[in-house]
2 protein chains.
Amino acid sequence: MNDKAPIDFWFDFSSPYGYLLSERIDAVATRHGRAVRWHPILLGIIFQATGSRPPAGDDSAKARYIVRDFDRSARFMGIPYNPPSRFPLPTQAAARAYYWLHDRDSALARQFAHAVYRAYFIDDRDISAPDTVLDLAAALGTDRGQLAAALQMPELKARLKDECDAALAAGVFGSPHVLIDGEAFFGADRLPQIERWLETGGF
Amino acid sequence: MNDKAPIDFWFDFSSPYGYLLSERIDAVATRHGRAVRWHPILLGIIFQATGSRPPAGDDSAKARYIVRDFDRSARFMGIPYNPPSRFPLPTQAAARAYYWLHDRDSALARQFAHAVYRAYFIDDRDISAPDTVLDLAAALGTDRGQLAAALQMPELKARLKDECDAALAAGVFGSPHVLIDGEAFFGADRLPQIERWLETGGF
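Definitions and cut-offs
Residue numbers run consecutively from 1 along every chain, following the written order of its sequence. Here every chain gets a letter starting at A, and every ligand a number starting at 1, in the order they are written. Only residues with pLDDT of at least 70 are given local features in this predicted model, and only at 80 or more are side-chain atom pairs given and counted; all residues enter the totals for whole chains, interfaces and linings. Each side-chain value is derived from all of the structure's non-hydrogen atoms; neither hydrogens nor water enter the calculation. Secondary structure is summarised from DSSP: a helix means a run of H or I of at least four residues, a strand means a run of E of at least two, and numbering begins at the N terminus for each. Each radius of gyration reported is based on C-alpha atoms, and the globular scaling rule is 2.2 Å times the count of residues to the power 0.38. Each residue's exposure class comes from its accessible area (1.4 Å probe, protein chains only) as a fraction of the maximum for that residue type: buried when under 20%, exposed when over 50%, partly exposed otherwise. Any pair of residues with heavy atoms lying within 4.5 Å of one another is described as a contacting pair. Accessible surface area values rest on a Shrake-Rupley calculation with a 1.4 Å probe, where residue burial reflects the displayed protein chains alone. In this tally, Asp and Glu contribute negative charge and Lys and Arg positive charge; neither His nor the terminal groups of the chain are included. Taken as the charge centre is NZ of Lys, CZ of Arg, CG of Asp or CD of Glu, depending on the residue. Least-squares fitting of one copy onto the other uses the C-alpha atoms of those residues that reach a pLDDT of at least 70 in both copies. By definition, two strands form a pair when at least two bridges between them are found by DSSP. In this analysis, axes come from line fits to C-alpha atoms, helices being fitted only over the stretch in contact, and the angle between any two N-to-C directions falls in the range 0 to 180 degrees. When a carboxyl oxygen of Asp or Glu is within 4 Å of a side-chain nitrogen of Lys or Arg, the pair counts as a salt bridge. Take the buried Ala, Val, Leu, Ile, Met, Phe, Trp, Tyr and Cys residues and link them wherever side-chain atoms come within 4.5 Å; each set so joined is a nonpolar core. For classification purposes, angles smaller than 35 degrees are called roughly parallel, those larger than 145 roughly antiparallel, those between 65 and 115 roughly perpendicular, and all remaining angles oblique.

**Quick look at the overall build of chain A**
Working step 1: What chain A contains, in helices and strands, is 10 helices and four strands.
Working step 2: What you see in chain A, going N to C, is helices and strands ordered as β-α-α-β-α-α-α-α-α-α-α-β-β-α.
Working step 3: Relative to the globule expectation of 17 Å for 203 residues, the C-alpha radius of gyration of chain A, 16 Å, shows essentially globular dimensions.
Working step 4: Reported as C-alpha extents along the three principal axes, the dimensions of chain A are approximately 50 × 45 × 35 Å.
Working step 5: For chain A, the residues scored as buried account for 50% of the 203 residues in total.
Working step 6: The contacts in chain A between residues at least 6 apart in sequence include a share of 73% that link residues at least 24 apart.
Working step 7: Accessible surface, chain A as shown: approximately 8700 Å² in total, 52% of it carbon and sulfur.
Working step 8: Across chain A, 23 positive and 26 negative side-chain charges occur, with their mean positions spaced 4 Å apart.

**Concerning the relation of the copies chain A and chain B**
Working step 1: Turning chain A through 180° and shifting it by 0.0 Å along the axis lays it on chain B, with an RMSD of 0.0 Å. Look at the turn and shift together and you get a two-fold axis relating the two. Nearest to the rotation axis, the C-alpha of Asp189(A) is located 3.4 Å from it, this being the minimum over chain A.
Working step 2: With an isologous cut-off of 70% or more, the 100% of interface residues of chain A that recur at the interface of chain B puts this contact in the isologous class.

**A short note on the sheet that holds strand S2 (residues 36-40) of chain A**
Residues and elements named next belong to chain A.
Working step 1: Sheet architecture is open: four strands sit in the order S2-S1-S3-S4, paired in mixed fashion. Edge positions in the sheet fall to S2 and strand S4 (183-186), since each has one partner strand and no second. Each adjacent strand pair in this sheet contributes to an overall mean axis angle of 20°, direction not counted.
Working step 2: Here strand S3 (residues 177-180) runs beside S4; their pairing, made up of four bridges, is antiparallel.

**Topic: helix H5 (residues 92-102) of chain B**
Residues and elements named next belong to chain B.
Working step 1: Buried residues dominate H5, accounting for nine of its 11 residues.
Working step 2: All of the buried residues along H5 are Ala 93, Ala 94, Ala 95, Arg 96, Ala 97, Tyr 98, Tyr 99, Trp 100 and Leu 101.
Working step 3: Where H5 is buried, its residues contact strand S2 (36-40), helix H6 (106-121), helix H7 (130-139), helix H8 (144-150) and helix H9 (154-169).

**A short note on the pattern of salt bridges**
If charged atoms from side chains of opposite charge come close, those side chains can pair.
Working step 1: Counted by the stated rule, this structure contains 36 salt bridges over all chains.
Working step 2: Two residues, Arg72(A) and Glu183(B), come together in a salt bridge whose shortest N-O distance is 2.8 Å. Taken together, the residues span two chains, with Arg72(A) in helix H4 (residues 61-77) and Glu183(B) in strand S4 (residues 183-186). Neither Arg72(A) nor Glu183(B) differs from the other in exposure class; each is buried.

**Notes on the nonpolar core**
Side chains of a nonpolar character, in soluble globular proteins, are inclined to be buried together.
Working step 1: With 136 residues, the main nonpolar core has Phe13(A), Phe112(A), Val178(A), Phe13(B), Phe112(B) and Val178(B) as its most contacted residues.
Working step 2: In contact with Phe13(B), other than residues within four places in its own chain, are Pro40(B), Thr91(B), Ala94(B), Ala95(B), Tyr98(B), Ala113(B), Val116(B), Tyr117(B), Tyr120(B), Phe121(B) and Ile127(B).

**Structural notes on the packing of H4(A) against helix H10 (residues 191-200) of chain B**
Working step 1: Interaxial distance between H4(A) and H10(B) falls to 11 Å at its minimum, and their mutual angle equals 75°. Between H4(A) and H10(B), the angle is such that the two are roughly perpendicular. When H4(A) is examined against H10(B), the residues Asp69(A), Arg72(A), Ser73(A), Arg75(A) and Phe76(A) are found in contact with a partner set consisting of Pro192(B), Gln193(B), Arg196(B) and Trp197(B).

**A word on the sheet that holds S2(B)**
Residue and element names in this part refer to chain B.
Working step 1: Strand order in the open sheet made by the four strands is S2-S1-S3-S4, with mixed pairing throughout. In this open sheet, the two edge strands, each paired with only one partner strand, are S2 and S4. Ignoring strand direction, the axes of neighbouring strands in this sheet form an average angle of 20°.

**What about the side chain of Gln193(B)?**
Working step 1: Mapped onto the elements of the fold, Gln193(B) is located in helix H10.
Working step 2: Setting aside chain neighbours within four positions, we find Gln193(B) in contact with Asp69(A), Arg72(A), Ser73(A), Phe76(A), Phe185(B) and Phe203(B).

**Brief notes about the environment of Pro6(B)**
Residues and elements named next belong to chain B.
Working step 1: As for its position among the elements, Pro 6 is in the segment before strand S1 (7-11).
Working step 2: For the pair Pro 6 and Leu 156, spaced 150 residues apart in the sequence, the C-alpha separation amounts to 24 Å.
Working step 3: The contacts of Pro 6, once residues within four sequence positions are left out, are Ala 35 and Arg 37.

Next up, the structure:
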């Protein structure tokens, strides 16, 4: 794009705030002459390594708040969102498919990532099912059989594991996590700070 | 102020995000014809009851991020902030003094709350020390001896305990927490959503 360093964007396909940021991060980066490297990861691995806990899923006041905040934040940002009936979901198949696609066609992988997120957070589809993942990739023109075979390969499983390790090494502790020239931003709600950081080169 | 219900604002005097919101919440509410009820609470009691953990204080990647985010969020919001050398601090004395003052002069209590927050997050003073709390109140014209005596009274200790119980009953799980007509907003970063909610009556 130009000589400015790309932005890194880590996310889990089961993360509502990751979905919200995925709908905005490329446009914001492009306005400031930056490319974005997308890195789907598995929050299960991140939380296990960092001792963190998922922000929702139980029946606490905080968990109930966050479920409500997902929805309200989507409305605030003007992004379509339907609370999924199953949440959270395992996202190994989707993340592995992303990296397999990415090594072949990075633009297609980007389209696929949007398709996975929208299938989950708009259409309430079960993105944990390899069949759903294959359907979404096939709808973008990918050879279903080739991808199905790839999803079974130890190399692709190792690739996702390596990406999670690299995320941990970069200081990632949740989703979404953005890194701009060494400065970390956690959460879709940091988008205004990301924009100002890109505008000003730091504040 | 008028017939619109007041906003409730819960915070701990040791919470940096609580401090940031304290510098903005009254002006935002006033613009929309609302009063704000301030409620200092003790996060120790809230976390114990809800099973939550403080967001900073250890040496994890998340804790290091949050310390940096305190500072960056303050700059983003244009609010003076100096990372305190001792963090977090116990805030019983400050919170008890607030309620004692509030029952005598609510405007004075508001000034006192600002003074406590600024003493901690701008001037790096030890707001856990009853002497600091008494000095801050005395500087606003409060009788030091009377307040010193009040801080020892079981009634005032019970009052703060009751406020923490009321916060838990209202669904508070951290600081800052704002409630507008039944809608909860957690975190200083929800200020833009608070503003839109007040403007539109919900979105």
